[in-house]
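Secondary and tertiary structure notes
Here is how the chains run, residue by residue.
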Amino acid sequence: MNQLEPQRGKAEPAGLDVVVTTMASDSHTWNLVFLQLLLEELGHRVTNLGACVPDELLVSECRRIEPDLIVLSSVNGHGYHDGLRVIQALRACPELAATPTVIGGKLGIAGSGDPDRQRSLLAAGYDGVFEEGRSVADFRSFVGALPAASRALPAPDGRALPADRALPADRALPTAARTLPTASASGVLR
């Protein structure tokens with residue numbers, strides 16, 4: 001077989017299709033670069049929409065891409081207010097209403113870890129809240145628990161993977177508030 005010929009019978013590649021973005025008021029990009037590299041290192045395909053993304057553009061691009069996960073990041077301290085508006089737009093779109101969506105970074109100007117802010121964002125429709133100042137491990141665990149992450153290539157003989165390598169299709173997404181560090185304007189993680 002010629003190496004340029006398409007290989008037939010190959011399963012879909014493992015990993016998620018992820019959209020990473022800021023919101024309309026946030027012009028920071030180091031946080032997006034960090035998230036993109038982290039997710040790619042974990043084996044996921046990332047579309048980075050960049051900074052200052054208007055709500056309408058975010059919704060239309062997510063409709064076009066049909067991601068398995070949407071990651072919103074903010075470092076300007078307006079993430080909470082912007083995030084409430086953005087999640088309403090995403091959830092109002094039937095094609096995106098059930099797409100796992102998380103928000104993280106510096107979500108307010110009064111510091112991180114406000115349980116009322118986290119509860120409010122979860123109640124508004126986010127599947128996870130990852131505020132600045134804590135380990136990346138929580139974010140990795142969340143991403144790893146998503147059902148699409150269990151997509152994997154079949155064993156060489158074509159048999160299905162063992163049950164311990166795949167998540168049950170009906171497994172609920174984790175909804176506990178979590179935190180994710182962000183990169184400062186200088187690129188240093190906080």
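Residues numbered from 1 in each chain as written. Predicted model: local features only at pLDDT ≥ 70, side-chain atom pairs only at ≥ 80, totals over all residues. Heavy atoms only, no water.

As a further point, take the overall build of the chain. Within the chain, the regular secondary structure consists of five helices and five strands. In the chain, the succession of α and β elements from N to C terminus is β-α-β-α-β-α-β-α-β-α. Looking at the chain residue by residue over its 190 residues, the buried ones come to 41%. Here the chain has roughly 9900 Å² of accessible surface; of this, 54% comes from carbon and sulfur atoms. (Helix = DSSP H or I, 4+ residues; strand = E, 2+ residues; numbered from the N terminus. Buried < 20%, exposed > 50% of the residue type's maximum accessible area, 1.4 Å probe, protein only. Areas by Shrake-Rupley, 256 points an atom, 1.4 Å probe, with all protein chains shown as cover.)

If you look at the biggest cluster of nonpolar residues, it comprises 19 residues, and the most contacted ones within it are Leu58, Leu72, Val86, Leu90, Ile103, Leu121 and Tyr126. For this core, the secondary structure elements donating two or more residues are helix 2 (55-65), strand 3 (69-74) and helix 3 (79-92). Broken down by element, this core gets its largest block of residues, four residues, from helix 3. For leucine 121, the residues in contact, after removing those within four places along its chain, are Tyr80, Leu84, Ile103, Leu107, Tyr126 and Val129. (Core = buried A, V, L, I, M, F, W, Y, C linked by side-chain atoms within 4.5 Å. Contact = heavy atoms within 4.5 Å.)

This part takes up helix 2. Buried residues of helix 2: Asp55, Leu58, Val59, Glu61 and Cys62, and no others. Buried-residue contacts for helix 2 involve strand 1 (17-21), strand 2 (45-50), strand 3 and helix 3. Residue glutamate 66 follows helix 2 closely and has a positive phi angle near 55°.

Moving on: a nonpolar patch on the surface. Taken together, Trp30, Val33 and Leu37 make up a surface patch of nonpolar side chains, about 310 Å² in accessible area. Tracing the chain through its elements places leucine 37 in helix 1 (residues 30-41). (Patch = residues over 30% accessible without salt bridge, like charges linked within 9 Å, V, L, I, M, F, W, Y side chains within 5 Å. Salt bridge = Lys/Arg side-chain N within 4 Å of Asp/Glu carboxyl O.)

Glancing now at the packing of helix 3 against helix 4 (residues 115-124). Two elements in contact, helix 3 and helix 4, have axes separated by 9 Å at closest approach and are oriented at 15°. As judged from the angle between their axes, helix 3 and helix 4 are roughly parallel. The way helix 3 lies across helix 4 gives a crossing that is left-handed. Here Tyr80, Leu84 and Ile87 of helix 3 come into contact with helix 4, specifically with Arg117, Ser120, Leu121 and Ala124. (Axes fitted to C-alpha atoms, helices over the stretch in contact; angles between N-to-C directions. Parallel < 35°, antiparallel > 145°, perpendicular 65-115°, else oblique. Left-handed = near helix turned anticlockwise from the far one by under 90°.)

Within the element layout of this structure, glycine 77 appears in the loop between strand 3 and helix 3. Separated by 51 residues in the primary sequence, glycine 77 and aspartate 26 place their C-alpha atoms 8.9 Å from one another. The residues contacting glycine 77, other than those within four sequence positions of it, are Lys106, Leu107, Gly108 and Ile109.

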